Amino acid sequence: MTLRGNIFICALGVLLCLFVGVLSGFSSVTKQQQQTQSLDGKWSLSNSNGSLLLPAEVPGCVHSALQQQGYIQDPYFRFNDLSYRWIAFDNWTYTTTFKVSAQVRTKQKVLLAFDGVDTVASIWLNGDILGNTDNMFRRYDFSVRDLLKDGDNVLTVRFLSPVLYASERRKAHSAYRVPPECPPDVQKGECHVNFIRKEQSSFSWDWGPSFPTMGLWKGVRLEAFDVLQLIQVSSVPLYNLSLAQWRVQVELLVDAVQTTDGQVTLSIPELDTEQTFQTQFPSGKTKNTFILYINTSSQVKLWWPNRHGGQPFYQLTVRGFQDGFLILNTKSKVYFRTVELVQEPIVGSPGLSFYFRINGKPVFLKGSNWIPAHSFQDQISPAVLRNLLQSAADANMNTLRVWGGGVYEQDLFYSICDELGIMIWQDFMFACAMYPTEDDFIQTVREEVTQQVQRLKSHPSIIIWSGNNENEAALATDWFSIPASQRPVYTKDYVTLYVNNIRKIVQEEDQSRPFLVSSPTNGAESEQEGWVAKNPYDNHYGDTHFYSYFLDCWDWRTFPRTRFASEYGFQSWPSFSTLQPVSVKEDWNYDSNFTSHRQHHQAGNQEMLLQAALHFHLPNSTDPLKRFTDTLYITQVMQAQCVKTQTEFYRRSQTEIIEGKGHTMGALYWQLNDIWQAPSWSSIEFGGKWKMLHYFAQNFFAAVLPVGFEDADTLFIYAVSDLSHDLKLTAVVTVYSWTDQDPVCTRKSDLVLVPGGSAVAIFKQPVPALLAGCGRCTRLTCLLTFHLEDSSGQQGPTNHHFLCSPKDAQGLRRPSITAKVQEDEYGLTVTLHTASVAPFVWLDVGNVPGRFSSNGFLMVSRNITVSFKAWRPTSVAELSRSLTITSLTDVY
């Protein structure tokens, strides 16, 4: 099947493969049939020589246990990532003792199930070895009925050092190297992570520390049954275009003691749909597929991305009977939606389009990239997940890319995305490396991919699978200096892993979604070129990753006019309140050992200041602490303005083709969240605090947005609309002097038709003519704000355009902002008053968790009121005490 213009047609071309979501879960069968005994809770943990013996929680990891028992401090404190390297070089053993009732022991089959073992371990029960594990991303189970005893049973899991294991695997691979050998020195990480099926960033990354974890990171339990157990329910809907009928392909992954005849009844009562099937479950683990036809007289409500519609769901009930007895019974959420990745010729442009249609509607993907929210997965609470994902939705995002160097996220992550309408671009966990292709490596990857697709394919939020992060680009553009004569070996390995294995499994397991082999990629064109394109960054195809730290980020000409921007960004530092708990006074200096240690991107701290200095005066306070906090602030200003400029360029490029390039249909900046307290590309700090960038994202991802830019000394304003309906809009441009809050003049464009899902030029005027018409303005003395209006009033946010760098602005002075915190029936508010124009006004309330309705804004009016949404109870007094206000001129 070609990917060109693909709509994923299946079943002889008449069925559009679509989607229903069913949350995976274990069947709640009658008590006589199945029993589950959790082994989660307190275990004991020891190191290899027995010098350490301590209690440990399961799920959990060695680092968390050592911290909880007081053997180590917070691993994130100062330089502890280096101080605690020894942990990952030791071998560790988890042990628990448990009793099992006769009722469980006498079941026909008893399994010991591990949902997640991190990573290389041998598992022993009562002195007998059950087996070995080598993959963090797999579920393992072992038959233990005949090994269980009356009385105490001892379960032992012996972990090998992941660092030493990876090194041994590398040594065993002697035929040719599999690069990279080690991360760059600046990352202070461990080597050969590509030889172990484990979170790749756990050995370090350019935004995170090296904490190669070990432990039982997901649940452990006994599963006992006489007839069968339902391991997994998943479903994929198909839509018959000619009959206008949905059908749901329901898969039951079943483990049966022996061949079992029975009936399965599937029903969605709300859609007046029910069918019963005579079936036979063969003995052992089998996948059993049933087709449920949805009643054509029922109106099916569709799942839509955030801000494009609702996220309704239905209940699917699955019941199994044998001889009239209920042997399985489970309920799952069901969502209906279609997804198509469209790669087809574009008039006036070489190459192919690259965009997503959801329920038949082209959707511009707006959002960011997701990394693991903590080095220790057991410390990611449901509240942390929900807060981060809600923050993404609140910033008008509709998409997150789950990046391929982390983990396949927990079920709750995808369930929240389903609820919030956040689409997921799901990478498989391979990143920035070549990988071995020995039989045992391929086999464990095959099982990993099969299990993860079966677990996740029922979520409507997941709209695409992608085989890896940047590995096509690494091979094509020779990141690892591979001699030309050896290139065919690596290309063969690449195709073996991602095409012949991962892609093949995904297409067998899930016909409802597109699959890309890599990101960035030329998509269909890469396939035509044998899966490794000559230039995977070609703007005429697929998606691109683009970073440039030295060119002026305010100049839109420096950005690629790509079909889809899946990575781009700039670094900043987090707030002082985020850094303070993991540092001491001597660290609070931009040139300290701590700030250098925390920066894992080569020359990153200097790059931020160089970029900021293009347009801003750098902080110069003689007070070291103020200079430090002012520098943190100026990096956030720089980052916010840079990513704003780039994102607005992508959004206004969605309709145009210029010099054969354009029709940009996605902007996912790098990155949403942080793994620890450090400088990074994130818009949300570790702990959940919004950086200035995230507040800016609320505006630059708005459904209706005015975008202003200059070309050849001419000001253009585009109206961008994600709406389904057309608008008639006018642009209103207001000119202000830096010295005065009263507008100098206002200009309006004619009403222009802006079709839904488009970007249209709505205002055009040479800047000299605009300023001349205002009387007393020059580029240095004035600035612009602008917004869109229709007959009902303002549509979308107000935007700004600086006519010069703020460091060159004439008349810009310190504003002396005052603030009053109040509480009314709706919550807490802060009312600000300023005596002069104030750019980048930043409200910070220290350690009080929450967010403002707006922040980092340009204040041209004398008064503004913003609300504060607290994430825990607070008061007017606490907020007033904690509040600090910074604007641009306060830092020099």
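Structural notes, computed from the coordinates. (Residues numbered from 1 in each chain as written. Predicted model: local features only at pLDDT ≥ 70, side-chain atom pairs only at ≥ 80, totals over all residues. Heavy atoms only, no water.)

### Thoughts on the overall build of the chain
Threshold: Secondary structure elements follow DSSP: runs of H or I of four or more residues count as helices, runs of E of two or more count as strands, with numbering from the N terminus. The globule rule is 2.2 Å times the number of residues to the power 0.38, and the radius of gyration it is compared with is taken over C-alpha atoms. The buried label applies to any residue whose accessible area, calculated with a 1.4 Å probe on protein chains only, is under 20% of its type's maximum; exposed applies above 50%, and partly exposed to all values in between.
The helix and strand inventory of the chain stands at 18 helices and 51 strands. The C-alpha radius of gyration of the chain comes to 29 Å, within 12% of the 29 Å expected for a compact globule of 892 residues. Counting only C-alpha atoms, the chain reaches 90 × 70 × 70 Å along its principal axes. When each of the 892 residues of the chain is scored for burial, the buried share is 64%.

### Things to note about the packing of helix α14 (residues 604–613) against helix α15 (residues 624–652)
Two quantities define a packed helix pair, namely the angle between the axes and the distance from one axis to the other. Here is the rule: To obtain each axis, a line is fitted to C-alpha atoms, and for helices this fit is confined to the stretch in contact; angles are then taken between N-to-C directions over 0 to 180 degrees. Convention used here: angles under 35 degrees read as roughly parallel, angles over 145 as roughly antiparallel, angles from 65 to 115 as roughly perpendicular, and any remaining angle as oblique. Here is the rule for handedness: rotate from the far helix to the near one, and if that takes an anticlockwise turn smaller than a right angle the crossing is left-handed, while a clockwise turn gives right-handed. We call two residues in contact whenever any of their non-hydrogen atoms come within 4.5 Å of each other. Here the term charged refers only to Asp, Glu, Lys and Arg, the term nonpolar to Ala, Val, Leu, Ile, Met, Phe, Trp, Tyr, Cys and Pro, and the term polar to all other amino acids, Gly among them.
Close contact between α14 and α15 brings their axes to 9 Å; oriented N to C, the two are set at 70°. On the basis of the axis angle, α14 is roughly perpendicular to α15. The handedness of the crossing between α14 and α15 is left-handed. Note on element contacts: α15 touches α14 through T631, I634, T635, M638 and C642, opposite M608, L609, Q611 and A612. Residues of the contact of α14 with α15, tallied by class, amount to six nonpolar, three polar and no charged.

### Brief notes about helix α10 (residues 487–509)
Note the following rule: Here the expected length of a helix is defined as 1.5 Å per residue gap, with one fewer gap than residues. For a residue, the bend is simply the angle between two axes, fitted respectively to the seven-residue segment ending there and the seven-residue segment starting there.
Between its terminal C-alpha atoms α10 stretches 31 Å, which fits the 33 Å expected from 23 residues at 1.5 Å a residue. Of all the bends found along α10, the most pronounced is centred on T496 and spans about 30°.

### What to know about the packing of aromatic side chains
Condition: Any two rings among Phe, Tyr and Trp, with Trp reduced to its six-membered ring, count as a pair given centres within 6.5 Å; such a pair is stacked if its planes are under 30 degrees apart, edge-to-face if over 60, and tilted if neither. Each ring is checked for a lysine NZ or an arginine CZ that lies within 6 Å of its centre and within 35 degrees of its normal; such an atom marks a charge sitting over the ring.
Counted according to the given criterion, the structure contains 60 aromatic pairs. Note on W205 and W403: the rings are 4.9 Å apart at their centroids and 75° apart in plane angle, and the pair reads as edge-to-face. With a gap of 198 residues between them, W205 in strand β13 (residues 203–205) and W403 in the loop between β28 (399–402) and α7 (411–420) connect regions that are remote in the sequence. Its relative accessible area of 14% is what places W205 among the buried residues. Through successive ring pairs, a cluster of aromatic residues spans W556, F559, Y568, F649, Y650, F709, F716 and Y718. Here R652 stacks its cationic end above the ring of W556, 4.7 Å away from the centre of that ring.

### As for the nonpolar core
Defined as follows: Remark: nonpolar core denotes a set of buried residues (Ala, Val, Leu, Ile, Met, Phe, Trp, Tyr, Cys) joined through side-chain atoms within 4.5 Å.
If you look at the biggest cluster of nonpolar residues, it comprises 157 residues, and the most contacted ones within it are F428 and I502. Looking at this core, the element that brings in the most residues is α15, giving 11 residues. Not counting residues within four places of it along the chain, the set of residues in contact with I502 comprises F428, F430, V445, V449, L497 and F515.

### Some words on the sheet that holds strand β25 (residues 355–358)
Worth spelling out the cut-off: The pairing criterion for strands is at least two bridges between them, as found by DSSP.
One open sheet holds the three strands; their spatial order is β24-β25-β26, and the pairing between them is antiparallel. The sheet is open, and its two edges are formed by β24 (339–342) and β26 (361–363), each paired on a single side. With direction set aside, neighbouring strand axes in the sheet form an average angle of 35°. Relative to β25, β24 runs antiparallel, the two being bridged by four bridges. Looking across to β25, one finds that V339 is bridged to I358.

### Some thoughts on the packing of α15 against helix α16 (residues 692–700)
Where α15 meets α16, the closest approach of the two axes is 8 Å, and the angle between their N-to-C directions is 25°. Judged on the interaxial angle alone, α16 and α15 are roughly parallel. The handedness of the crossing between α15 and α16 comes out as right-handed. From α15, Y633, Q636, V637, Q639, A640, Q641, V643, K644, T647, E648 and R651 reach across to α16, where they touch M692, L693, F696 and F700.

### Description of the pairing of strand β9 (residues 120–125)
Each regular strand carries side chains that alternate between the two faces of the sheet. Most of β9 is tucked away, with five of its six residues classed as buried. Relative to strand β10 (residues 128–134), β9 runs antiparallel, the two sharing six bridges. Bridge assignment links A121 to a residue of β10, and that residue is T133. Linking β9 back to β10 in an antiparallel pair, the connection comprises two residues, with N126 at a positive phi of about 50°. Judged from the five bridges that link them, β9 and strand β12 (residues 152–159) form a sheet pairing that is antiparallel. When the sheet's bridge partners are listed, L125 is paired in β12 with L155.

### Quick notes on the state of the cysteines
As a reminder of what qualifies: Two cysteine sulfurs form a disulfide in these notes if their separation is within 2.5 Å.
Tallying each qualifying case throughout the model produces four disulfides. Bridging C745 to C774, the disulfide has an S-S length of 1.7 Å. With C745 in strand β40 (residues 745–748) and C774 in helix α17 (residues 767–774), the pair connects residues that are 29 residues apart, well separated along the chain. Exposure class is identical for C745 and C774. Each is buried. Sulfur-sulfur distance for the disulfide between C777 and C782 comes to 1.8 Å. Between C777 and C782, the disulfide has an S-S torsion of -75° and is therefore left-handed. As far as the burial class goes, C777 and C782 line up, both buried. The thiol sulfur of C432 is not disulfide-bonded, and the nearest other cysteine sulfur, from C182, lies at 15 Å. Its relative accessible area of 18% is what places C432 among the buried residues. With no disulfide of its own, C804 lies closest to C782 among cysteine sulfurs, the gap being 9.5 Å. Overall, C804 belongs to the buried group, its relative accessible area being 12%.

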